[in-house]
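# Architecture at a glance
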Amino acid sequence: MDINKARILIVDDDEDLLFLLSHQLKIIGFLPEVCVNGQNFFDIVEKFSPAVICLDISMSHADGTNLCNAIKHDSRWSSIKILIISGNRDIGAIAKNCGADGFLPKPVAIPALKNKLDEILQ
Amino acid sequence: MEKKIPIMSLEISNEMDVMLAHRRGMQFAKFSGISLSEQTRFATAVSEICRNSLEYAVKGEIFFAVVHNPDRLLLEAVIQDKGKGIKDLAEILKRKPEQVKGRGVGIVYAQKLSDIFHITSKVSGTTVTIQKNIPVAPALINNLIVKGWVAHLQKEPAISAYEELKIRNVQLMELTEELRQNSLLVTNQMDEIKTLNAQLSDSNDRMKEFTYAISHDLKTPLTSLKISSAFLEENIDGPEVPVYKAILQRSVYRLDKTIHSLIEILDMQNKDKQVIRNIYFASIFSEAVEENQQNIKDAGAIIKTRFEASTIDYIEIYLQSLMHNLLSNSLKYRDPQRPLIIEVDTLPTSRGAKLIFKDTGMGMDLNLIRNRLFQPFNRFSSLQEGKGIGLYLVKGMVESNGGTVKVESTPGEGTTFTFHLIRY
């Protein structure tokens, strides 16, 4: 079950949500890591080497679309999949514009998140 | 007593006008009952003088009228121009037709052809009056009759291609003027529409921004609520349960806060509450201090005020909200390593007052957050809990009557807000 051991990096400015998502992903068999508010993002990506990054858009110290663009334009990280998770109503267009591999609107339910991650990792 | 019934006037600005004046002269003489030979004399005199006006003064104007004298009735044509006048007029009038040249010829002829002839000439212009006896009882020609003549002329088909052209020209000019007025009106309306459109687009952008912000602040805790409640439904015991419970409570609290903020925004927009008063800065600030008393005590904050402008006519609820938001922000974002000093100054300005609110708090890196500073629901520290609409509201209130907000901040030093408040 290679997929279920996939490394998932979660980036959000809400620490409660980071705790919940990482704990839940662990329960369903993924290997999660968190990045608070986009801080030290590239260091964490470098060290953790995630298969998927779950990325929030509106964070108080970072803009998720910029991070997504940076990842997608760096040859070292071109294989990393990006899933945009946001409450923004235009999430579909935003995800498309920044080259993300998928999106999931908030509020997020865990079964939906699992399905989306499985789909992206296929 | 002489009584004059005006018939009509014509402008003489080219040769065709002279012909028209001649024609009208013939017609009015005919209408008056003057004999054919006398009609021709009158009309010729008229056209001679008109031609003079055209030739020596570029243009002139002719006024036809019926004059009631106590003893007789006269048909009159007065031709005026604004030329330089006739220098040797007295000389000319004494001569016989065959002895004069130039302008004098016409005058001498006209004089001969008229029953009564007057001419006055100055450097500012020349006026010639030509009169012809009307051989009917005065009672037969009155205002009504004269109106009938003019009406008759208007009804008759154009007497020449030129006159028709001229009528059309006048109509075209009227039409052009009307179009010009319309186009002016349309331009003005377009400008108005453009302004309104810009305002609408502006408020639309603000609305959009606001909706995003609300959805963000509602949906993030909602996600937490959803996940934690789902987890707690299935897990009664276990080491994570207390953490999930705490998160659930926090999420509910945050949703509650957001909803209260929305209510506060709606309240601010309630016109009934927007009462303009002469407000003392000292008293409105001390209300805010009162509200935040516990936090001030906890922070050990030192507050210095100097209200050089002591009052302003302003919407009371706005100033209350402004003072409260600034003070609670300063207390919330204080630097735990340094004492918090808050200085509030006001200075009178021509249009109201300048309010300077300075603190020695954490400060902000404006390069990073300037664009989002005044947006709703932005919190700039994950350590602090805030409702995040304060600055958004403050900016909106101050700018709603043309005021401005400026912010300067250095991380580790503090923040200064400068407001130009415009009195209502």
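One can find the structure itself at the top, above this paragraph.
Residues numbered from 1 in each chain as written. Chains lettered and ligands numbered in written order. Predicted model: local features only at pLDDT ≥ 70, side-chain atom pairs only at ≥ 80, totals over all residues. Heavy atoms only, no water.

Here the focus is the overall build of chain A. When helices and strands are tallied, chain A shows five helices and five strands. Each helix and strand of chain A, placed in order from N terminus to C terminus, yields the pattern β-α-β-α-β-α-β-α-β-α. Residue burial in chain A is summarised as follows: out of 122 residues, 55% are buried. Sequence separation of 24 or more characterises 61% of the internal contacts of chain A that already satisfy a separation of 6 or more. Entry remark: accessible area of chain A is about 5500 Å², with carbon and sulfur atoms responsible for 50%. (Helix = DSSP H or I, 4+ residues; strand = E, 2+ residues; numbered from the N terminus. Buried < 20%, exposed > 50% of the residue type's maximum accessible area, 1.4 Å probe, protein only. Contact = heavy atoms within 4.5 Å. Areas by Shrake-Rupley, 256 points an atom, 1.4 Å probe, with all protein chains shown as cover.)

Moving on to helix H3 (residues 64-72) of chain A. Residues and elements named next belong to chain A. Within H3 the residues assigned to the buried category are Gly64, Thr65, Leu67, Cys68 and Ile71. For H3, the angular spread of the buried residues around the axis is 160 degrees, confining them to a single face. Looking at the buried residues of H3, the elements they touch are helix H2 (41-48), strand E3 (52-55), strand E4 (81-86) and helix H4 (91-97). (Arc of directions from axis to C-beta.)

This paragraph deals with the sheet that holds strand E3 (residues 73-81) of chain B. Strand pairing in a sheet relies on backbone hydrogen bonds, with the paired strands running either antiparallel or parallel. Residue and element names in this part refer to chain B. Strand order across the open sheet formed by five strands is E1-E2-E3-E5-E4, with antiparallel pairing between neighbours. The open sheet has two edge strands with one neighbour each: strand E1 (3-12) and strand E4 (116-122). With direction set aside, neighbouring strand axes in the sheet form an average angle of 15 degrees. Against the sheet, helix H1 (residues 15-31) touches E1, strand E2 (60-68) and E3, its axis set at about 155 degrees to E1. Taken strand by strand, helix H5 (residues 143-155) contacts E1 and E2, and its axis lies near 20 degrees from that of E1. (Pairing = 2+ DSSP bridges. Axes fitted to C-alpha atoms, helices over the stretch in contact; angles between N-to-C directions.)

Moving on, we come to the pattern of salt bridges. Tallied over the full model, the rule gives 19 salt bridges over all chains. Among the salt bridges present, the one from Arg254 of chain B reaches Asp14 of chain A, with a minimum N-O distance of 2.5 Å. In this pair, Arg254 of chain B is assigned in helix H7 (residues 241-268) and Asp14 of chain A in the loop between strand E1 (7-12) and helix H1 (15-27), connecting two distinct chains. Like Arg254 of chain B, the residue Asp14 of chain A is buried in the burial classification. For the salt bridge of Glu119 of chain A with Lys116 of chain A, the shortest nitrogen-to-oxygen distance reads 3.9 Å. Separated by three residues within a single helix, Glu119 of chain A and Lys116 of chain A lie in helix H5 (residues 110-121), roughly one turn from each other. Within the structure, one salt-bridge network assembled from shared partners comprises Glu38, Arg41, Asp115 and Lys132 of chain B. (Salt bridge = Lys/Arg side-chain N within 4 Å of Asp/Glu carboxyl O.)

The next point concerns the interface of chain B and chain A. Between chain B and chain A, the residue contacts involve 24 residues of the former and 25 residues of the latter. For the pair chain B and chain A, the summed buried area comes to about 2300 Å², and 56% of that belongs to carbon and sulfur atoms. The largest share of the area that chain B buries against chain A comes from Tyr212, His216 and Ile227 of chain B, three residues that together contribute 24% of it. In this structure, the connection of chain B to chain A is made through two salt bridges. In this structure, Asp16 of chain A and Arg250 of chain B form a salt bridge, with 2.7 Å as the shortest nitrogen-oxygen distance. Inspection of the chain B/chain A interface yields eight residue pairs in polar contact (both at pLDDT 80 or more). When residues of the side of chain B that touches chain A are traced back to their parent elements, those giving at least two are helix H6 (161-234), H7 and helix H11 (366-373) of chain B. Broken down by element, the side of chain B that touches chain A gets its largest block of residues, 13 residues, from H6 of chain B. (Buried area = accessible area lost by both parts, 1.4 Å probe. Polar contact = N/O pair within 3.5 Å; in protein donor to acceptor, adjacent residues only side chain to side chain.)

Further remarks concern the environment of Phe41 of chain A. Residues and elements named next belong to chain A. Mapped onto the fold, Phe41 is located in helix H2. Relative accessible area serves as the criterion here: at 2%, Phe41 is assigned to the buried category. Phe41 sits 30 residues away from Val11 along the chain, and the two C-alpha atoms are 8.2 Å apart. If we skip the residues at most four places from it in the chain, Phe41 touches Leu9, Val11, Cys35, Ile53, Leu67 and Ile71.

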